[in-house]
Amino acid sequence: MTTPPDRTPLKRSFFDRPVLEIAPDLLGRTLVRATDDGPIELRLTEVEAYDGPNDPGSHAYRGRTDRNAVMFGPPGHTYVYFTYGMWHCLNLVCGLAGTASGVLLRAGRITAGADLARPRRPTSRKDADLAQGPARLATALGVDRTLNGADACSADGGPFRVLTGTPPAAGAIRSGPRTGVGGDGAAHPWRYWIDADPTVSPYRPHTPRKRG
């Protein structure tokens, strides 16, 4: 049986490139999350690039730690982190092994398995909200730290695969500052999204935390 072009898994070489090339190229790709109850599929509509030692906004800016170790490669694996004491976020590791760059998966449209995602997002009012933002995306897909380091390019199957999908036309891709990033990395236009897609999350600038 011939695999349809849009169902072809992306090879590791896709992720073995500079992160600023990969991030916009991930838009329109299909992320498949295998669960015990069946697969959930999501068309990526919004992402953010993080360029390791070249990027003050990156978790790897100051070097390798136990938390960010998976970011140093090899490419094509997942980096899952826990934030604000309540949410997980899902990233795909990019670039040469030994470097530390990745793409945060910010939002997407669930195209299959919405019945599995809805119970995880009971406050969602419509399906367009299910994965509208990185914490919502990870929650809808049942992502936690046990999936940190999973190989999304494995030929033997696994919790994630990334398929060719249906990339948007170049003219439909927009870019701008990343959400919630402050300091020297605030102005980098490294958030990419599909124009006018209803699943894209609202942009929010960085707000410094108040100290009591």
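Caption draft 1: The arrangement of the packing of aromatic side chains in detail. According to the stated counting rule, one finds 2 aromatic pairs in the structure shown. An angle of 75° between the planes, with centres 5.0 Å apart, marks the rings of F14 and F15 as edge-to-face. For the residue pair F14 and F15, the accessibility class agrees, reading buried in each case. Each ring, one from Y79 and one from Y81, has its centre 5.6 Å from the other, and the planes form 40°; the classification is tilted. As far as the burial class goes, Y79 and Y81 line up, both buried.

Caption draft 2: Spatial organisation of the pairing of strand β5 (residues 101-112). β5 sits mainly inside the fold: 9 of its 12 residues count as buried. Relative to β5, strand β4 (residues 87-94) runs antiparallel, the two being bridged by 4 bridges. Bridging across to β5, L92 finds its partner in V103. Between the antiparallel neighbours β4 and β5 lie 6 residues, among them G95 with a positive phi of about 85°.

Caption draft 3: Examining the nonpolar core more closely. Grouped together as the largest cluster of nonpolar side chains are 40 residues, with contacts concentrated most on F15, L26, V103 and L105. Take this core: its biggest share by element is 5 residues, from strand β2 (residues 38-50). Residues within four places of L105 in sequence aside, it is in contact with L31, L44, E46, V47, L90, L92, P134 and L137. One finds V70, F72, Y79 and A100 within the second-largest nonpolar core, a separate group that totals 12 residues.

So, how was this worked out
- Residues numbered from 1 in each chain as written.
- Predicted model: local features only at pLDDT ≥ 70, side-chain atom pairs only at ≥ 80, totals over all residues.
- Heavy atoms only, no water.
- Phe/Tyr/Trp six-rings, centres within 6.5 Å; stacked < 30°, edge-to-face > 60°.
- Buried < 20%, exposed > 50% of the residue type's maximum accessible area, 1.4 Å probe, protein only.
- Helix = DSSP H or I, 4+ residues; strand = E, 2+ residues; numbered from the N terminus.
- Pairing = 2+ DSSP bridges.
- Core = buried A, V, L, I, M, F, W, Y, C linked by side-chain atoms within 4.5 Å.
- Contact = heavy atoms within 4.5 Å.

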